[in-house]
Amino acid sequence: MASSHSSSPVPQSNSSDAFFKKEMDTTKRFRPVQSLPDVCPKEPTGDSSNLCDSPSLVADQHRWTIYHSKVNLPAALNDPRLAKRESDFFTKTWGVDFVDTEVTPSFYLPQITKEHFALYQQEITPREKVHERCKNVCTPKDTFDRTLLHTHDKSRTDLEQVPKIFMKPDFALEDSLTFNAVLPWSHFSTAGGKGNRDAASSKLLQEKLSHYLDIVEVNIAHQISLRSEAFFHAMTSQHELQDYLRKTSQAVKLLREKISKIDKVMCEGSLRVLRLSLTRNNCIKAYNKLKLMATVHQTQPTVQLLLSTSEFVGALDLIATTQEVLQQELQGIHSFRHLGSQLCELEKLIDKMMIAEFSTYARNDLNRPLEDDCQILEEERLVSLVFGLLKQRKLNFYEIYGDEMIVTAKNIIKQCVVNTVSQIEEIDTEVVVKLADQMRMMNFPQWFDLLKNIFSKFTIFLKRIKATLNSIRSVVFLVLDKNQKTRDLEDTLQKNSAKDSTVDTEVAYLTHEGMFISDAFGEGDLPSVTADTTSQRNTSPNSEPCSSDSVSEPECTTDSSSSKEQTSSSVTPGGVEMMISDDMKLTDLELVRLANNIQELLYNASDICHDRSVKFLMARAKDGFLEKLNSTEFVALSRLMEGFILDTEQICGRKSMSLRGALQSQANRFVNRFHEERKTKLSLLLDNERWKQAEVPAEFQDLVDSVSDGRISLPEKKPAATEERKPAEFLIVEGQKYATVGTVLLLIRIILEYCQCVDNIPSITTDMLTRLSDLLKYFNSRSCQLVLGAGALQVVGLKTITTKNLALSSRCLQLIVHYIPIIRAHFEARLQPKQFSMLRHFDHIMKDYHDHIAEISAKLVAIMDSLFDKLLSKYEVKAPVPSACFRNICKQMAKMHEAIYDLLPEEQTQMLFLRINASYKLHLKRQLAHLNVVNDGGPLNGLVTSDVAFYTGNLQALKGLNNLDLNMAEIWEQKR
């Protein structure tokens, strides 16, 4: 025990030979008696400055305090378990390791440095100097020190005789090893004749232990004698302490009486009111809790009732609310320990039910009768299902609808085929079992009506799908819009949080410091600012309006869970009003991806219809049925398919290429067959053409007239009139007469058929242009072979190719040339700008036709040229005049004029005869030069002049040649 008295012994522990020095100054022995501190370190000393740390007598009067402790001073000083006396008495109870144990620094105490002792050092330095001076004046105490050292050494030597086992802190005779070491059994053995020796040995052991006890007691007494002054001082202070405690006890008694009176008069009633108010509030809480438990207990029956009416969203909201209540307000309720897992299983069951319900809805929606009605089937049910699936994050539900679309598309075609086949009596369903075989037995009108019916069903089918998917997408966009509004609200609340920071701080202070007050009074007694702030917090999504530490209204606890899920009302495009809760934890990215997938599903629906239509077409085309269609039938089929393709593009907003590709493939086959048929027909016509002028039927004239009006199309067949129109001799084209052969008339019709196909089937424009170019080239080359090449002599059996044949061929070519620019413009209007390069084919054809016409003209001139060469080579200048040669030439010229005048226009006839006249003059000039006839006015010159005048008169007398400038003076050699 340490004492504040100056005469108490001071422990010195600098070495293993440490000893206690006792102050012998008599002047310090009789100081005024001071209060002796208790052995308990928490007991306050007699210093009045420490009274503030005393325990409260009012608060602690009924519990144990440090003043109930009783200390036996000798027991504190005489600790037989210690090997040596340590500096602190706590080792008596807690062992020798107590002092050596390192104590972790406290986080609540400041770090003490040398600067904290600067003021103390300044105050103690003068005192230390005075102490040093006094120390030098005092008598040396070397004698006492030596005596004390000698005494200490002696006591130490005596203690060393005691075995070390008695000095161990863990000495206990209960331990068998320790007991055997202190009292060996060999000393107590009575076996054999060693009894006397053992008895002596036992006696010796007893004396030895007694000796050890004496040594210990002597040392204890010595130690007590060293502390005698402190012992007597403690006894003296004990009397003062008892007087002090007696006075304190009387003061405490008086204080307790006063406090008891104050408690009865001022506090007891108020505290009772507070207790009753708190009890009332607790009863209200318990009532609300029981009421909430009763509501939660009805969750499962309510969920089952909602599921019976397919109210999946309401059931899921109820389950979510109940789970939240169980986790927050009813946590730890034993009777509800299994309800959470049951609700989880029920939620999984609802997931399966919603998937099955959505599958059933999709099947019913897609398989209902395909009429013109495209209304959504049970839109409220659909919207409820979609909200439930979104709430449960079942974002792949649209795949179920896609699978049903595929099955329904197959069934639509199958049902249409069955219905059509059942109405056709020619098809025996018992003999022909397969639907594909039954379908192939239909003729084109029947099959065409079937295809039209399928396309109409598919159109209604796609419109229904679009309406349903639009409704689903609208629900997704409503949730997305709700998420955006929620974020905007949170941003607004965050901006306003800075303005409300003062109010929030006040409310937090009241909640923390005044919890007892908030339990005692209702919310209506709180300041208005606090109430407003609390109401604002309750309206936020993450607030908890009902706390377990605050008083609430009777319905507050019951409605707390529902108030946590803020809902907003939204109306779908179909007019269905839905409540969107905030617990749909879907990100904007997920919602946008889902909306895109739903839109993609609409595109897939269009692709499905097109794919099924392509399979239907291919099944019918297996036996070459589509390739055998005539142009009218194929055009009707093409228009039907194009119309369906445009309808699906308008409904779904995207092009589907499968049906368009199938149509293009069939169109290519049709173009090849169409071209081959007409080319073969043209070849047969040319091979049988005798190149004689043909009469022009009225229908061909009407055909040409329709082209002259600026449009290329085959005129509709007019009903047979009472008087049939007679065929014309010439074909009138824009006021010009064209003498043609029958092949050219049919060729014009064929050309117009090509153009008409381009109008009816725009996708084959490029193919038709190539084929038509090939056809025109074929006609040009084949007609050249037959006429100019005289192939008609062998093919048709003509005797000769006459000038009339040549002129008629030229005029036919001119007719085709007239229509080539019109055909070019027709195709140019229907080609894409990047395809304009294909129009060069018409330019090449135009050049080839002009070359061919020029070759025919040259052939006509060559015929007359050979005639002139033959006749004029035998010409002699002699009488009679006109000579036989010139009469023969004029006769041949008249025949030529007669052959071509009605076939070629007047201008071409004049140009042709000018070229023939030039050839005539050349040969005549050559013959005159051979005969040495010159223009000298002689007799020979007169004869030639008469013949030439005869030739000129006959030639100009021909129809249309009267104004022809023959310039016959060129036959004479010019004089140099």
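Definitions and limits used
Residues numbered from 1 in each chain as written. Predicted model: local features only at pLDDT ≥ 70, side-chain atom pairs only at ≥ 80, totals over all residues. Heavy atoms only, no water. Helix = DSSP H or I, 4+ residues; strand = E, 2+ residues; numbered from the N terminus. Buried < 20%, exposed > 50% of the residue type's maximum accessible area, 1.4 Å probe, protein only. Contact = heavy atoms within 4.5 Å. Phe/Tyr/Trp six-rings, centres within 6.5 Å; stacked < 30°, edge-to-face > 60°. Lys NZ or Arg CZ within 6 Å of the ring centre and 35° of its normal. pLDDT = per-residue confidence, 0-100. Axes fitted to C-alpha atoms, helices over the stretch in contact; angles between N-to-C directions. Parallel < 35°, antiparallel > 145°, perpendicular 65-115°, else oblique. Left-handed = near helix turned anticlockwise from the far one by under 90°. Nonpolar A, V, L, I, M, F, W, Y, C, P; charged D, E, K, R; others polar. Patch = residues over 30% accessible without salt bridge, like charges linked within 9 Å, V, L, I, M, F, W, Y side chains within 5 Å. Areas by Shrake-Rupley, 256 points an atom, 1.4 Å probe, with all protein chains shown as cover. Salt bridge = Lys/Arg side-chain N within 4 Å of Asp/Glu carboxyl O. Lys, Arg positive; Asp, Glu negative; His and termini not counted. Charge placed at Lys NZ, Arg CZ, Asp CG, Glu CD. Core = buried A, V, L, I, M, F, W, Y, C linked by side-chain atoms within 4.5 Å. Polar contact = N/O pair within 3.5 Å; in protein donor to acceptor, adjacent residues only side chain to side chain.

Along its length, the protein carries 31 helices and four strands. Burial analysis of the protein (976 residues in total) assigns 36% to the buried set. A fraction of 77% describes how many contacts in the protein between residues 6 or more apart in sequence connect residues 24 or more apart.

Turning next to the packing of aromatic side chains. Under the criterion given, the structure shown has 18 aromatic pairs. Where F458 meets F461, the ring centres are 6.4 Å apart and the plane angle is 50 degrees; that geometry is what we call tilted. Of this pair, F458 and F461 both sit in helix α15 (residues 444-497), three residues apart, which is roughly one turn of the helix. With a relative accessible area of 0%, F458 lands in the buried category. Note on F461: relative accessible area 1%, which makes it buried. Here the aromatic cluster, defined as three or more aromatic residues joined through ring pairs, consists of F868, Y875, F886, Y920 and Y951. Taking NZ or CZ as reference, R811 lies 3.8 Å from the ring centre of Y738, over its face.

Here we take up the confidence of the model for the protein. Per-chain confidence: the protein averages 76 in pLDDT, with 74% of residues scoring 70 or above. In this model residues 1-54 is a low-confidence stretch, pLDDT under 50, and it forms 70 contacts with partners more than four residues away in sequence or in other chains. A low-confidence stretch, residues 505-566 stays under pLDDT 50, and its non-local contacts, those more than four residues away or across chains, total 75 contacts.

This brings us to the packing of helix α23 (residues 698-708) against helix α24 (residues 742-760). Geometrically, a packed helix pair is captured by the angle between its two axes and the distance between the axes. Look at α23 against α24: their axes get within 11 Å of each other, and the N-to-C directions meet at 45 degrees. Taken together, the axes of α23 and α24 lie oblique to each other. The element α23 and its partner α24 pack so that their crossing is left-handed. Across from E699, F700, L703 and V707 in α23, the residues of α24 making contact are L745, L746, R749 and L752. The class makeup of the residues in the contact of α23 with α24 is six nonpolar, no polar and two charged.

On the surface, E695, E729, E898 and D902 cluster together into a negatively charged patch. Looking at the element boundaries, E729 is found in the loop between α23 and β3 (731-733). With relative accessibility at 52%, the residue E729 sits in the exposed group.

So, about the nonpolar core. Ranked by internal contacts, the top residues of the largest apolar core, which has 198 residues, are W447, I816, F827 and F913. The leading source of residues in this core is α15, at 18 residues. If we ignore the near neighbours within four places in the chain, the residues touching W447 are M439, M442, F616, L617, R620, F625, L626 and L637.

A cluster of nonpolar side chains, contributed by I112, F117 and Y120, occupies part of the molecular surface with about 330 Å² of accessible area. Its place among the elements puts I112 in the loop between α3 (97-100) and α4 (118-137).

Two elements in contact, helix α30 (residues 906-931) and helix α31 (residues 939-956), have axes whose closest approach is 13 Å; the angle formed by their N-to-C orientations is 170 degrees. One finds that α30 runs roughly antiparallel with respect to α31. The residues of α31 that touch α30, namely those facing F913, N917, Y920, L924 and L928, are V944, V948, Y951 and L955.

Before going further, it helps to spend a moment on the pattern of salt bridges. Overall, the coordinates contain 20 salt bridges when judged by the stated rule. Between D687 and R782 there is a salt bridge whose closest N-O contact spans 2.7 Å. Separated by 95 residues along the polypeptide, D687 in helix α22 (residues 657-687) and R782 in helix α25 (residues 765-788) bring together distant segments of the chain. With its nearest N and O atoms 2.3 Å apart, the salt bridge here joins D759 to R830. Pair noted here: D759 is in helix α24 and R830 is in the loop between α27 (803-828) and α28 (840-872), with a separation of 71 residues, a long-range link. On the accessibility criterion, D759 (29% relative accessible area) is partly exposed. R830 gets classed as partly exposed once you look at its relative accessible area, which sits at 35%. It is possible to trace a salt-bridge network through shared partners that takes in R673, E677, R678 and E753.

Within the secondary structure, N219 is located in helix α7 (residues 195-226). Within the local environment of N219, its side chain forms a polar contact with the backbone oxygen of I215, the two atoms lying 2.7 Å apart.

Another point: the environment of V758. Secondary-structure assignment places V758 in helix α24. By relative accessible area, V758 is classed as buried at 1%. Placed 72 residues apart in sequence, V758 and R830 show a C-alpha to C-alpha distance of 8.1 Å. Sequence-distant contacts of V758, defined by excluding residues within four places in its chain, comprise T765, M768, F827 and R830.

Before going further, it helps to spend a moment on the environment of T295. Structurally, T295 can be placed in helix α8 (residues 228-297). Relative accessible area serves as the criterion here: at 43%, T295 is assigned to the partly exposed category.

With an omega dihedral of -5 degrees, the bond running from A879 to P880 counts as a cis peptide bond. You can see P880 is positioned in the loop between α28 and α29 (884-900). Unlike most non-glycine residues, W691 shows phi in positive territory, near 55 degrees. Positionally, W691 belongs in the loop between α22 and α23. Given a relative accessible area of 2%, W691 falls into the buried group.

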